[in-house]
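# Working through the structure, step by step
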Amino acid sequence: MDKIIFEPVDIREFFDAKAIEDKSVSGIVVFTEKQQKLVDVLKDNLSENNPEQLEIVNEKIENLHDLASAIATFPSLLERTNLTFGTRTPQSLMDSLINSKREGDMTLQLPSKASLGKGFLVAKLHIFAKFERLAREVKIEDKIVGEFHAETVYMMFLLLAEDVYLNLIRDTSLPIDSRRQLANSLLLLWEHRADQNISDISPVLQSVWRARAILAPAFGTMMGTSELIMISFQLDEQWSEFIKTKLSDADVSQAMEEFLFGLSFEQILRLKSILREQGISAIGREEVSKYLGEEVPTNLSEDYRDFFQQYSVRRDNARARRRLGVPGPKKTLEDHFINFIMGKNTEKQKNDSVAK
């Protein structure tokens with residue numbers, strides 16, 4: 001095997017000069033500027049009206065800072081580091097992710113900082129959910145409560161993005177440059193537990209999730225095309241372009257149906273067959289379990305925890321199909337959409353570079 005030579009990677013390749021000057025790239029971002037403003041509004045309210053709750057809030061914030069400080073003692077993933085079994089560089093870490101042939105859970109193959117950071121993000125998500133409830137209880141204006149909720153949902157999408165990046169990085173059907181870009185984004189997410197890509201993408205996916213609740217998918221034919229078109233009219237240009245460009249891909253359309261109907265590819269096929277055999281043209285969501293002969297949750301909850309739970313089921317099913325080589329979508333809708341948006345962003349960056 002040829003010896004691989006790793007070149008040092010300057011952190012300036014990852015961030016702009018202002019970020020480095022502000023020293024905002026030194027580790028995990030405990031609170032973004034927007035999040036800090038929300039926390040300050042809550043604290044100001046509690047200092048006047050509920051000092052006991054303020055003490056609890058300050059304790060939670062201190063816990064987060066302590067956790068971030070502890071994680072910061074682990075070596076940066078963006079710098080050359082001498083470890084017990086050799087030297088690690090950002091390039092070698094990205095190469096190990098791209099070239100990995102392992103299936104199943106990768107927890108024990110990932111850097112400690114990645115695993116610890118994930119725990120930090122879960123803790124922060126729970127704390128922000130508590131802050132949202134508290135803001136509602138003390139009757140802070142609805143706009144602030146909504147912004148607390150939006151930040152909590154964003155953190156859920158960061159957890160989801162980590163899965164998506166790992167899925168796509170190991171997808172050998174993607175161009176190697178795309179996989180390297182994804183690996184780079186994953187390293188930044190691990191290092192800082194923040195991601196601008198997901199800041200742009202999460203509102204769109206959240207809107208698609210909410211839109212399901214006001215549609216009535218045709219459970220008779222199990223065809224979702226008209227529903228998808230209706231969703232597209234309600235969302236932004238990125239989603240519409242994704243639908244127009246990618247829906248003809250069988251894996252995308254199958255993943256879309258799973259997302260839209262809340263059923264697995266296998267359940268959709270079985271339900272189609274049952275309804276066709278019985279000559280039934282349409283059924284309601286509440287009748288799906290009866291016809292399938294198993295308890296199938298087809299509720300239209302807008303809870304972000306349900307979003308992540310249903311995503312995780314679709315993710316596990318897709319991984320199993322890929323591993324076993326059986327029919328059905330091998331990626332989730334989130335995989336396809338995030339890959340599409342990142343590809344568009346890369347294309348834009350190249351065009352902007354040429355224009356300069």
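The following refers to the structure shown. (Residues numbered from 1 in each chain as written. Predicted model: local features only at pLDDT ≥ 70, side-chain atom pairs only at ≥ 80, totals over all residues. Heavy atoms only, no water.)

### Examining the layout of surface pockets
If a probe as big as a water molecule is rolled over the atoms, it shows which places are left empty. Of the voids in this model, the second largest pocket is the one considered here, and its volume is about 370 Å³. If you go around the second largest pocket, you meet 17 residues; those closest to its centre are D105, M106, T107, D163 and R319. When residues of the lining of the second largest pocket are traced back to their parent elements, those giving at least two are α5 (112-137), α6 (142-169) and α14 (304-324). Along the lines of polarity and charge, the residues of the lining of the second largest pocket split into four nonpolar, three polar and ten charged. (1 Å grid on protein atoms, 1.4 Å probe; cavity = no way out; pocket = protein on both sides within 12 Å on 5 of 7 lines; lining within 4 Å. Points joined across faces, edges and corners; volume = space filled by probe spheres on them. Helix = DSSP H or I, 4+ residues; strand = E, 2+ residues; numbered from the N terminus. Nonpolar A, V, L, I, M, F, W, Y, C, P; charged D, E, K, R; others polar.)

### Description of the nonpolar core
Membership of the largest hydrophobic core comes to 79 residues, with the highest contact counts inside it found for L42, F131, Y165, W190, I198 and W239. In this structure, L271, I283, L292 and V296 belong to the second largest nonpolar core, which totals twelve residues. (Core = buried A, V, L, I, M, F, W, Y, C linked by side-chain atoms within 4.5 Å. Buried < 20%, exposed > 50% of the residue type's maximum accessible area, 1.4 Å probe, protein only.)

### A look at unusual backbone geometry
Unusually for a residue other than glycine, K139 sits at a positive phi of about 60°. As for its position among the elements, K139 is in the loop between α5 and α6. In this structure K139 comes out as exposed when scored by relative accessible area, which is 72%. Here R193, not a glycine, exhibits a phi torsion of approximately 55°, which is positive.

### Considerations on the packing of helix α2 (residues 33-49) against α5
It is at 11 Å that the axes of α2 and α5 come closest, and there the two elements cross at 45°. By the angle between their axes, α2 is oblique relative to α5. Two packed elements cross with a definite hand, and for α2 against α5 that hand is left-handed. From α2, Q35, V39, L42 and L46 reach across to α5, where they touch K124, F128, F131, L134 and A135. Tallied by class, residues from the contact of α2 with α5 come to seven nonpolar, one polar and one charged. (Axes fitted to C-alpha atoms, helices over the stretch in contact; angles between N-to-C directions. Parallel < 35°, antiparallel > 145°, perpendicular 65-115°, else oblique. Left-handed = near helix turned anticlockwise from the far one by under 90°. Contact = heavy atoms within 4.5 Å.)

### Concerning helix α3 (residues 51-72)
Here α3 contains 22 residues, and its C-alpha end-to-end distance of 31 Å stays within 8% of the 32 Å for a straight helix at 1.5 Å per residue. Listed as buried for α3 are L54, V57, I61, L64, A68 and I71. The arc that holds every buried residue of α3, seen down its axis, measures 115°, which confines them to one face. Set apart from the buried face of α3 by more than 90 degrees, the exposed residues are P51, E52 and E55. Tucked into the core, α3 has its buried residues touching α2 and α5. (Expected span 1.5 Å × (residues − 1). Arc of directions from axis to C-beta.)

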